Amino acid sequence: MNTSLIFLIVLIIGLAAYFVARSRAVTSANGKLSVLHSLPGYHGTYAAIWATLPALVVLGVWLIASPMLIEKTIRAELPETVTSQGSAPTELALGQVISVANGLRLLSDDELATVTSGSATLRETLAAKGVPMASEAATYLLASAQDYNALKDTSQLAMAAVVIILSIAGAVFALRGISAPFRARNRVEQVILGALLLASSIAILTTVGIIGSMLSEAIRFFQSVSPSTFFFGTVWDPRFAAAGSGGSEGQFGLLPLLAGTLYIAFVAMLFAVPVGLFAAIYMAEYARPSVRSIAKPLLEILAGIPTIVYGFFALITVGPFLRDVSAQLNGLVTGNYVNFIQAQSVLTAGIVMGIMLIPFVSSLSDDIITQVPRSLRDGSLGLGATRSETIKKVVLPAALPGIVGALLLTASRAVGETMIVVLAAGVAARMQLNPFEAMTTVTVKIVNQLTGDLEFNSPQTLVAFALGITLFAITLCLNIYALYIVRKYREQYE
Amino acid sequence: MTEITASAPATFTRPAQARRDIGIKKRYRAERRFRAYGMAAILTGLFFLFVLLWTVISNGYTAFLQTTITLPIEFSEQVIDPKNERADNPAKLMTANYPLLVRDALIKALNIDPSNRALVKQATDMVSASARTQLRDIVVNNQSVIGTTQNVALLAEGNIDSANKGQIDLNVAEANRKVKDTQLGWMKTLTETGAMTKNFNTGLFTFGASSRPEAAGIGVAAVGSLYMMLIVLVLSLPIGVCASIYLEEFAPKNKLTDLIEVNINNLAAVPSIVYGLLGLAVFINFAGMPRSAALVGGLVLTLMTLPTIIIATRAALKAVPPSIRSAALGLGASKMQTIFHHVLPLAMPGVLTGTIIGLAHALGETAPLLLIGMVAFVVDYPGSPMEPSTALPVQIYMWANEAERAFVERTSGAIMILLVFLVLMNLGAILLRRRFERRW
Amino acid sequence: MNMMSEAAVEKALDQKMTTVPYKMIGKDVSVYYGDKRALFDVNLNVRENTVTALIGPSGCGKSTFLRTLNRMNDTIDNCRVTGKITLDDGDIYDAKIDVVELRARVGMVFQKPNPFPKSIYENVTYGPKIHGLARAKAELDQIVEQSLQKAGLWNEVKDRLHEPGTGLSGGQQQRLCIARAVAVSPEVILMDEPCSALDPIATAKVEELIHELRTNFTIVIVTHSMQQAARVSQRTAMFHLGNLVEENDTDKMFTNPDDQRTQDYIMGRFG
């Protein structure tokens with residue numbers, strides 16, 4: 001009996017319970033529906049919940065727990081020659097057992113007999129069924145695989161029995177409780193409330209998941225590379241080792257990546273803040289409604305364009321443009337037409353990221369500026385100040401905390417941006433100050449270390465999680481502080 | 001009153017006094033300067049928007065055309081099945097020497113000396129290597145073509161396609177050029193005879209990944225994106241709405257709720273790549289889900305989109321005036337009924353707008369997908385979300401890394417398609433808002 | 001009755017009201033918000049060193065008229081003003097007239113106290129600084145002291161000039177706003193219901209202040225309170241539905257108005 005069939009049966013029981021409970025509720029009312037505390041539909045739902053929810057919870061738990069238990073049993077069965085070699089070969093053997101076990105399912109009884117009697121090799125028989133094996137199976141493999149299948153079958157059967165019995169029991173329990181004064185609606189609503197609570201806990205779980213998973217992987221990384229050499233190392237040279245060879249020493253210095261990240265973010269902000277801020281000021285204080293209604297959505301298109309498009313833009317337009325312009329400039333000044341700006345450089349990535357950030361700065365600041373009460377503007381204008389004087393001396397100082405918050409949020413986005421820097425900043429991890437040269441960032445290296453085939457135990461891949469948690473920590477601080485400031489600011493004018 | 005003004009006019013007012021100097025001219029210059037900065041800032045933004053779109057469109061519009069060479073292909077039995085085995089072993093048809101058919105057809109059409117190998121090679125280079133599978137499929141699907149001659153439209157090779165669209169600089173010395181002078185001459189001939197034509201590039205929409213630009217398309221990637229969008233929609237809308245209802249309507253105002261609130265706002269600003277790391281560690285490493293699968297991508301994007309939807313939904317719920325709630329509660333509805341029967345339906349336009357914007361964002365997201373193995377060379381359409389697939393923006397990323405001119409064109413073309421989707425979604429959101437917007 | 005006698009004293013002081021020259025003349029002033037007309041051909045003149053009160057039921061156009069006098073309506077989108085308003089001899093809606101210069105001469109105090117979120121000192125020096133009326137610190141100090149004294153606030157705040165103006169009580173904030181307006185040395189001060197957000201004691205202080213300011217400034221005050229109009233003004237104009245109903249000496253207006261509608265309003269029949 002496979003899992004989806006069990007699921008279907010439970011649903012059918014639930015549906016049946018719904019209709020039975022409904023009609024029982026109607027009957028118990030003796031034709032006067034008003035004596036019911038809750039509408040018949042609530043009684044039905046109540047019964048359906050009892051019939052399905054406990055059973056499905058058990059089903060879910062079983063599905064997660066049983067493979068773990070079975071694998072544990074099989075692992076214990078593996079011969080000592082394998083288990084004594086450490087965890088990696090054990091896991092490999094376990095994987096083999098499982099794939100053989102799945103392969104055995106494809107064999108007919110006759111074929112199985114030939115294999116168990118030893119008259120045909122397992123490898124050839126399975127290969128004919130499209131299950132490849134690297135080498136001829138060790139002797140323990142067949143037995144373990146058969147055990148594995150037997151355990152799985154038993155587990156499946158037991159699960160089916162338990163789940164269906166639970167479902168029926170739930171339905172019966174609920175149906176017995178149904179009577180006219182029974183408060184079915186309140187019970188149903190409690191369950192719904194539980195579901196709502198569960199949904200909102202996903203937000204917390206996500207954060208817990210982010211921190212937990214990255215921390216645990218990062219700790220594995222720090223077992224092979226000490227935190228001090230990671231956080232204070234000035235050389236990034238992870239030396240990708242061939243899979244499995246292991247033990248290759250790389251250098252994992254965070255500082256060059258952090259320097260690149262902050263430098264590029266700084267250049268981007270240098271570009272985006274004045275443009276975005278002035279655009280916001282113009283939009284909020286000068287633009288006629290008709291102009292505003294056109295220019296604002298147009299600028300916001302920039303925010304809706306995926307960052308990969310910006311990356312492509314940097315790669316084929318901005319980078320080559322800066323390179324060629326620098327060559328021309330150099331030629332005009334020195335006569336030597338050599339470019340001094342690389343196509344992939346801090347400047348290229350910074351400018352393109354800055355373009356991407358313009359709408360963030362402008363729409364966040366626009367919101368903040370328009371929250372400054374009109375009475376302050378009137379007060380200043382009424383004293384004979386010009387508009388720009390009013391903006392510079394009254395509106396902006398009043399909006400300053402909010403704007404700082406908005407800029408911090410923008411900075412957080414700049415630090416975490418990936419696709420633009422992947423395509424425009426380069427991969428060379430260097431510590432230097434020339435904006436015309438390539439530098440790389442934390443995000444680029446996370447992508448570099450984790451794309452392609454990987455092996456999960458080497459520091460070369462695990463370092464990505466250490467980088468990730470660093471990135472998360474930086475943006476978390478920026479975000480929380482920014483959100484705190486903006487919230488305080490809002491409350492002030494509410 | 002009027003008669004006062006009329007009868008006693010100017011005598012009642014003092015003459016204009018000497019004005020104080022309050023630096024008007026200078027101040028107005030500053031005012032104009034300031035205003036100009038603002039205008040310049042907006043124009044700068046719009047200028048870059050324009051340049052960006054111009055870059056994409058000017059590079060990309062040609063991707064929607066593809067050069068084909070229509071040749072009379074002689075499906076010679078001699079070449080395809082010399083020993084006449086196809087009845088017993090149909091697999092033989094899969095491995096027949098189809099490129100030879102193309103070669104012969106080209107030799108005939110271009111009048112080349114078959115013994116001049118260099119020339120023949122140049123000629124066959126003009127046709128995409130995908131001609132092999134194209135002819136194979138024709139033969140396998142309909143064996144009766146063997147022995148006949150059919151006109152078949154073959155894809156031109158990427159560089160020939162670029163040359164035909166005038167994208168190759170002919171001033172470069174021939175030796176450094178991907179397209180040789182003889183080939184240019186043939187192209188002219190073929191165009192004059194009507195064999196070489198530019199047609200609408202359906203392949204761009206239907207093909208999968210390929211190292212040959214003329215045979216590469218976004219079809220497979222688009223299906224992967226579609227799967228992910230469906231998963232995101234199915235999961236994030238109900239979860240987001242439930243979470244928002246709890247937080248907005250039921251949650252007690254205490255420290256924990258505050259924490260959830262800060263947490264959600266923070267999650268909305270967490271770099272997307274962090275979600276990719278989460279997906280890799282939790283869904284793939286811990287839960288053992290397959291790499292490169294749209295399912296994992298969908299789950300990761302769901303987690304990423306949830307905060308956006310929750311924030312939008314809460315705003316929409318907040319905008320429903322308390323009077324509606326009081327009215328329903330006053331009629332004896334339970335709080336749950338009030339919310340699901342009255343408040344939520346009224347908030348729905350806002351919820352849907354937020355969802356569409358969240359989906360649009362998820363559709364363009366690339367970084368987290370790179371980490372969960374969706375940077376994959378996927379040729380076949382994925383049959384289910386569990387199978388290896390890739391996504392539209394990831395396909396764009398992979399193409400952007402290719403150097404050939406024909407790939408630049410395709411990358412831009414794919415971006416145009418992606419942007420069209422995004423524009424449509426955003427337009428939908430705007431229309432929804434316009435149509436249902438209520439002012440209380 | 002006390003009120004009446006005080007008004008009588010005023011009257012005695014202002015003998016020959018009609019000989020006082022006009023500071024501002026409004027002729028056929030109409031205001032439109034988009035298509036909606038808010039004022040209908042109002043002809044109203046403001047006499048020098050006089051307090052002119054504008055009264056009428058809410059929405060009658062009194063605030064709108066007040067705001068035309070220093071062109072604050074310019075800051076409202078789609079607002080249009082027709083007719084002619086002169087300050088001394090100059091048309092303030094003339095293209096050559098500069099609105100900044102105009103507002104430096106015709107200051108304004110608003111309904112709700114709106115001190116800038118800066119220190120008391122900076123609030124007062126804001127105007128003089130932007131207009132370049134004083135350069136040296138000593139000059140500014142002097143302006144601050146004089147203005148705050150004129151606004152009757154000096155003794156209350158002289159020890160905390162560098163604390164935020166928003167930290168003052170409502171009445172103090174409003175007097176700070178008056179000091180801020182006075183610091184620019186305008187010729188006319190417009191007040192838009194300056195006491196509506198204040199408690200009675202703060203109101204009394206501000207009214208007393210208005211009284212004193214009359215010696216140096218021409219004052220136009222919009223008020224919803226007829227008692228206030230009677231207490232502080234020498235001339236009163238009554239608006240109704242965007243029309244000027246009657247303009248008269250205040251004591252005449254409150255004892256023997258020319259217009260039936262004024263009488264009804266004063267008797268509390270509508271409003």
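Keep in mind it's a predicted model, so treat the numbers as computed, not measured.

**Brief notes about the confidence of the model for chain C**
All names here are of chain C. Chain-level pLDDT for chain C is 86 on average; 92% of the residues reach the 70-or-more range. No element of chain C has a lower mean pLDDT than helix H1 (residues 2-13), which averages 52, and none a higher one than strand S8 (residues 218-222), which averages 94. Scoring of the predicted complex yields 0.85 for pTM and 0.88 for ipTM.

**Regarding the interface of chain B and chain A**
Contacts between the two partners involve 74 residues from chain B, matched on the other side by 80 residues from chain A. At the boundary of chain B with chain A, the tally comes to two salt bridges. For A:Arg487, the salt bridge identified is with B:Asp258, shortest N-O distance 3.6 Å. Looking at the side of chain B that touches chain A, its residues break down into 52 nonpolar, 16 polar and six charged.

**Considerations on the interface of chain A and chain C**
Each side of the interface is counted separately: chain A has 21 residues, and chain C has 24 residues. Taken together, both faces of the contact between chain A and chain C bury some 1,700 Å²; the carbon and sulfur share is 62%. For the pair chain A and chain C, the number of links is one salt bridge. For C:Arg67, the salt bridge identified is with A:Asp378, shortest N-O distance 3.8 Å.

**Structural notes on the pattern of salt bridges**
Residue and element names in this part refer to chain A. Counted according to the given criterion, the structure contains 37 salt bridges over all chains. A salt bridge links Asp366 to Lys296; the shortest N-O distance between them is 2.9 Å. A residue pair is termed long-range when its members are at least 10 positions apart, and Asp366 in helix H13 (residues 346-371) and Lys296 in helix H11 (residues 289-304) qualify at 70 residues. Each member of the pair, Asp366 as well as Lys296, is classed as buried. Sharing partners across several salt bridges, the network here consists of Arg292, Lys296, Glu300 and Asp366.

**A closer look at the side chain of A:Arg377**
By the secondary structure assignment, A:Arg377 is in helix H14 (residues 374-382). In this structure the side chain of A:Arg377 is engaged in a polar contact, spanning 2.8 Å, whose partner is the backbone oxygen of A:Val372.

**Observations concerning the sheet that holds strand S1 (residues 65-74) of chain B**
Residues and elements named next belong to chain B. Strand order in this open sheet of three strands is S2-S1-S3, and the pairing throughout is antiparallel. At either margin of the open sheet sits one strand with a lone partner, and together these are strand S2 (149-155) and strand S3 (196-200). Mean inter-strand twist for the sheet, computed between neighbouring axes without regard to direction, equals 40 degrees. Pairing geometry for S1 and S3, over five bridges, is antiparallel. Bridge pairing in S3 links Thr67 to Lys198. Along the sheet face, helix H4 (residues 98-110) touches S1 and S2 and points at about 90 degrees away from the line of S1.

**Topic: the domain arrangement of chain B**
Residue and element names in this part refer to chain B. Along its sequence, chain B is carved into domain 1 (61-201) and domain 2 (219-436). One C-alpha centre belongs to domain 1, the other to domain 2, and the line joining them spans 45 Å. With 12 residues of domain 1 at the contact, the number on the domain 2 side is seven residues. Across the domain 1/domain 2 interface, buried area totals approximately 770 Å², and carbon plus sulfur atoms make up 52% of it.

**Re the packing of helix H12 (residues 272-286) of chain B against helix H13 (residues 294-319) of chain B**
Residues and elements named next belong to chain B. At their nearest, the axes of H12 and H13 sit 9 Å apart, and the two run at 135 degrees to each other. Judged by the angle between their axes, H12 and H13 are oblique. Considering the relative orientation of H12 and H13, their crossing is right-handed. For the pair H12 and H13, contact is made by Ser272, Tyr275, Gly276, Leu278, Gly279, Phe283 and Ile284 and by Val296, Leu299, Val300, Leu303, Met304 and Pro307, respectively. Along the lines of polarity and charge, the residues of the contact of H12 with H13 split into 10 nonpolar, three polar and no charged.

**Description of helix H2 (residues 40-77) of chain A**
Side chains that are three or four residues apart share a direction in an α-helix, a result of its 3.6 residues per turn. Over its 38 residues, H2(A) extends 55 Å from the first C-alpha to the last, a length consistent with the 56 Å expected when each residue adds 1.5 Å. The sharpest bend along H2(A) reaches about 30 degrees and sits at A:Ala65, with the proline A:Pro67 one to four residues further on.

**Looking at the nonpolar core**
Among the nonpolar cores identified, the biggest contains 231 residues, and A:Tyr310, A:Met353, A:Ile446, A:Leu467, C:Leu148 and C:Met191 are the most heavily contacted of them. A total of 17 residues in this core trace back to one element, the largest contributor, which is helix H10 (residues 255-286) of chain A. Ignoring sequence-local partners within four residues, the contact set of C:Met191 consists of C:Leu66, C:Val109, C:Ile178, C:Ile210, C:Leu213, C:Ile219, C:Val220, C:Ile221 and C:Val222. B:Met126, B:Val139, B:Ile146 and B:Val152 belong to the second largest nonpolar core, which has 37 residues in total.

**As for the layout of surface pockets**
Here the second largest pocket defines a volume of roughly 1,100 Å³. Where the lining of the second largest pocket is concerned, the elements lending two or more residues are H2, helix H4 (87-106) and helix H7 (139-176) of chain A together with H12 of chain B. Looking at the lining of the second largest pocket residue by residue, the class counts come to 17 nonpolar, seven polar and four charged.

**Describing helix H10 (residues 219-250) of chain B**
Taking 1.5 Å of rise per residue, the 32 residues of H10(B) would be expected to cover 46 Å, and the 45 Å separating its terminal C-alpha atoms lies within 8% of that figure. The largest bend in H10(B) amounts to roughly 25 degrees and is located at B:Ser236, with the proline B:Pro238 lying one to four residues further along.

**Quick look at the pairing of S8(C)**
Residues and elements named next belong to chain C. Buried residues dominate S8, accounting for five of its five residues. Here strand S3 (residues 51-55) runs beside S8; their pairing, made up of four bridges, is parallel. For Leu54, the partnering residue across the bridge sits in S8 and is Val222. With respect to chirality, the unit in which strand S7 (residues 188-192) leads through helix H8 (residues 200-213) into the neighbouring parallel S8 is right-handed.

**Notes on the sheet that holds strand S1 (residues 22-33) of chain C**
Residues and elements named next belong to chain C. Ordered by their spatial adjacency, four strands build an open sheet running S2-S1-S4-S5, and the pairing between neighbours is antiparallel. At either end of the open sheet lies a strand with only one pairing partner, and these are strand S2 (36-47) and strand S5 (90-91). Both S1 and strand S4 (residues 79-87) contribute to a ladder of eight bridges, which runs antiparallel. Residue pairing for S4: Gly26 is matched across the bridge by Ile85.

**Focus on the packing of aromatic side chains**
Tallied over the full model, the rule gives 23 aromatic pairs over all chains. Seen from their ring centres, A:Phe221 and A:Phe252 are 5.3 Å apart, and the 90 degrees between their planes marks the pair as edge-to-face. Here the residue A:Phe221 occupies a position in helix H8 (residues 184-224), and A:Phe252 occupies one in strand S2 (residues 251-252), the gap between them amounting to 31 residues. We classify A:Phe221 as buried; its relative accessible area is 0%. We classify A:Phe252 as buried; its relative accessible area is 5%. Seen from their ring centres, A:Phe278 and B:Phe34 are 5.5 Å apart, and the 65 degrees between their planes marks the pair as edge-to-face. In this pair, A:Phe278 sits in helix H10 while B:Phe34 sits in helix H2 (residues 24-60), so the two residues belong to two different chains. The class of A:Phe278 is partly exposed, set by a relative accessible area of 24%. Taken together, the ring pairs in this structure connect A:Phe221, A:Phe222, A:Phe230, A:Phe231, A:Trp236 and A:Phe252 into an aromatic cluster. Here C:Arg180 stacks its cationic end above the ring of C:Phe116, 4.2 Å away from the centre of that ring.

Conventions we followed
- Residues numbered from 1 in each chain as written.
- Chains lettered and ligands numbered in written order.
- Predicted model: local features only at pLDDT ≥ 70, side-chain atom pairs only at ≥ 80, totals over all residues.
- Heavy atoms only, no water.
- pLDDT = per-residue confidence, 0-100.
- Helix = DSSP H or I, 4+ residues; strand = E, 2+ residues; numbered from the N terminus.
- Contact = heavy atoms within 4.5 Å.
- Salt bridge = Lys/Arg side-chain N within 4 Å of Asp/Glu carboxyl O.
- Nonpolar A, V, L, I, M, F, W, Y, C, P; charged D, E, K, R; others polar.
- Buried area = accessible area lost by both parts, 1.4 Å probe.
- Buried < 20%, exposed > 50% of the residue type's maximum accessible area, 1.4 Å probe, protein only.
- Polar contact = N/O pair within 3.5 Å; in protein donor to acceptor, adjacent residues only side chain to side chain.
- Pairing = 2+ DSSP bridges.
- Axes fitted to C-alpha atoms, helices over the stretch in contact; angles between N-to-C directions.
- Domains from an automatic or database assignment.
- Parallel < 35°, antiparallel > 145°, perpendicular 65-115°, else oblique.
- Left-handed = near helix turned anticlockwise from the far one by under 90°.
- Expected span 1.5 Å × (residues − 1).
- Bend = angle between axes of the 7 residues up to and from the residue.
- Core = buried A, V, L, I, M, F, W, Y, C linked by side-chain atoms within 4.5 Å.
- 1 Å grid on protein atoms, 1.4 Å probe; cavity = no way out; pocket = protein on both sides within 12 Å on 5 of 7 lines; lining within 4 Å.
- Points joined across faces, edges and corners; volume = space filled by probe spheres on them.
- Right-handed = clockwise from strand over helix to strand, strands pointing away.
- Phe/Tyr/Trp six-rings, centres within 6.5 Å; stacked < 30°, edge-to-face > 60°.
- Lys NZ or Arg CZ within 6 Å of the ring centre and 35° of its normal.

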